[in-house]
Amino acid sequence: MAVPIPQPQNAQDLERWMMQMSEPDTAKIMQATAVLKQFIKKSTCVVPLIQQIAGSQHPAVRHMAAVLLRLRIHTHFKRLTPEAQTEAKNVFLSRLQQEPVAPVRFGVAALISSLAKATVPSGQWPELLSFLLSLSQSTASEHREIAMILFRALTDDIGPSLKQHFRDLQSIFQQGLADSNSARVRLEALKALGALVDLLEPIPEDQQLILSYRQCIPPLLGLLTSYFNAGPSALEEVGDAVTAGFELFDSLADAAASGPMLDEHLPALVSFMREVMLNQQIDLSFRDHACQFLITLLGNIPESVVQKDCVPTLINSAAQLCSEPFSEDSLDPTQQTPQKLGVDLLD
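Residues numbered from 1 in each chain as written. Predicted model: local features only at pLDDT ≥ 70, side-chain atom pairs only at ≥ 80, totals over all residues. Heavy atoms only, no water.

I would appreciate a short explanation of the overall build of the protein chain in the present structure.
Check the secondary structure of the protein chain and you find 19 helices and zero strands. With the C-alpha coordinates aligned to their principal axes, the bounding extent of the protein chain is approximately 75 × 50 × 40 Å. A buried classification covers 47% of the 347 residues belonging to the protein chain. When contacts within the protein chain are restricted to residue pairs at least 6 apart in sequence, long-range pairs at least 24 apart make up 64% of them. Taken as a whole, the protein chain presents about 16900 Å² of accessible surface, with 52% of it coming from carbon and sulfur. For the protein chain, the centre of its 26 positive side-chain charges and the centre of its 38 negative side-chain charges are spaced 11 Å apart. (Helix = DSSP H or I, 4+ residues; strand = E, 2+ residues; numbered from the N terminus. Buried < 20%, exposed > 50% of the residue type's maximum accessible area, 1.4 Å probe, protein only. Contact = heavy atoms within 4.5 Å. Areas by Shrake-Rupley, 256 points an atom, 1.4 Å probe, with all protein chains shown as cover. Lys, Arg positive; Asp, Glu negative; His and termini not counted. Charge placed at Lys NZ, Arg CZ, Asp CG, Glu CD.)

See below:
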């Protein structure tokens, strides 16, 4: 006969089991995992876990409670009374704003994001967006950062439901992009703008949104230019932001095939990507990103590239890449090289 799995009997007992998850003892972790896995199967776990999120003095417990609740929030939340649902949402937003420990704050944000998938599209959490807007204007950088993270998550998860707020979101993300006090806010705003562009479709109804989004391109270029102008050593410190920037421009290059997304800024984009591609002082991966962007442009909007008189510049750039001094990697067929980039661009 299987031994019954013990269950938490009160708040202190539940807290003890969750703290046991952090102990450096595999047997104890497995025991606590079995207890908590059984505990969260019933909707009666919701209130005790919310109480731990709101009131535990231990960050590890608050974080674990948020993680556990997120696993079952879709199933259990609808079983709560309307009053209990409202109280739960209020606790989550309050904890997000007050939480001083970053991992816990991110855990609560993930919980909110998961609940938002089930509530925002049906209009059951109208105050969430206004709360996040207020948070994005906070004087505390950690609030602005978490607002950008959640806005991006919502845009990824329930984008069609947020499309009516496209211009408002664009404005918020552009403000974040210009945040002079926090590199993390700028990074998250950059990622959020990338999620926003994915909402645009090649349909007549989206043409005005596409034209609106074009306003983001100059500040995006300005931010990436500042990263590269800081020099190779500084560039390493902002590698995540640079990668996010290139991924965003890749999305723009894809979107350019179905709308006038890049036409106005095409010369500036080509000039920037060319400078990055020919910069021998930076990591080749960045140069590769720039080259692939240009190749995508040539494939998607060749007429625009020709009309903007960019072709001679690109041919000259390809020749410069092909004529760079050879290294040992140049002879390795598995390694990317400047010469291969030049050939790819010409091809």
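Next comes the rest of the account.
How should the side chain of Glu 145 be read in this particular structure?
Along the chain, Glu 145 falls in helix α8 (residues 141-162). Under the relative-accessibility criterion, Glu 145 is labelled buried at 5%. Only 2.8 Å separates the side chain of Glu 145 from the side chain of Arg 184, close enough to count as a polar contact. Among residues more than four places away in sequence, those in contact with Glu 145 are Phe 106, Arg 184, Val 185 and Glu 188. (Polar contact = N/O pair within 3.5 Å; in protein donor to acceptor, adjacent residues only side chain to side chain.)

Can you help me understand the side chain of His 76 in this one?
Looking at where His 76 falls in the secondary structure, it is placed in helix α4 (residues 59-76). Given the relative accessible area of 0%, His 76 is considered buried. There is a polar contact of 2.7 Å between the side chain of His 76 and the backbone oxygen of Ile 40. Beyond its immediate sequence surroundings of up to four residues, His 76 is in contact with Ile 40, Lys 41, Lys 42, Ser 43, Cys 45 and Val 46.

Is there a simple way to explain the nonpolar core in this structure?
The nonpolar side chains of soluble globular proteins are, as a tendency, buried together. Ranked by internal contacts, the top residues of the largest apolar core, which has 111 residues, are Leu 49, Tyr 213, Phe 249, Leu 262 and Leu 297. With nine residues, the top contributor of residues to this core is α8. With residues near it in sequence (within four places) discarded, Tyr 213 still touches Phe 166, Gln 170, Leu 193, Gly 194, Leu 196, Val 197, Leu 200, Leu 248, Leu 252 and Met 261. (Core = buried A, V, L, I, M, F, W, Y, C linked by side-chain atoms within 4.5 Å.)

What is the right way to read helix α15 (residues 266-278) from this model?
Each turn of an α-helix holds 3.6 residues, which means side chains three or four residues apart point in the same direction. A rise of 1.5 Å per residue sets the reference length of α15, with its 13 residues, at 18 Å; its end C-alpha atoms lie 18 Å apart and thus fit the reference within 8%. Along α15, the residues that are buried comprise Leu 266, Leu 269, Val 270, Phe 272, Met 273, Val 276, Met 277 and Leu 278. The inward-facing, buried residues of α15 abut α12 (217-229), α14 (239-255), α16 (284-300), α17 (302-307), α18 (311-322) and α19 (338-346). (Expected span 1.5 Å × (residues − 1).)

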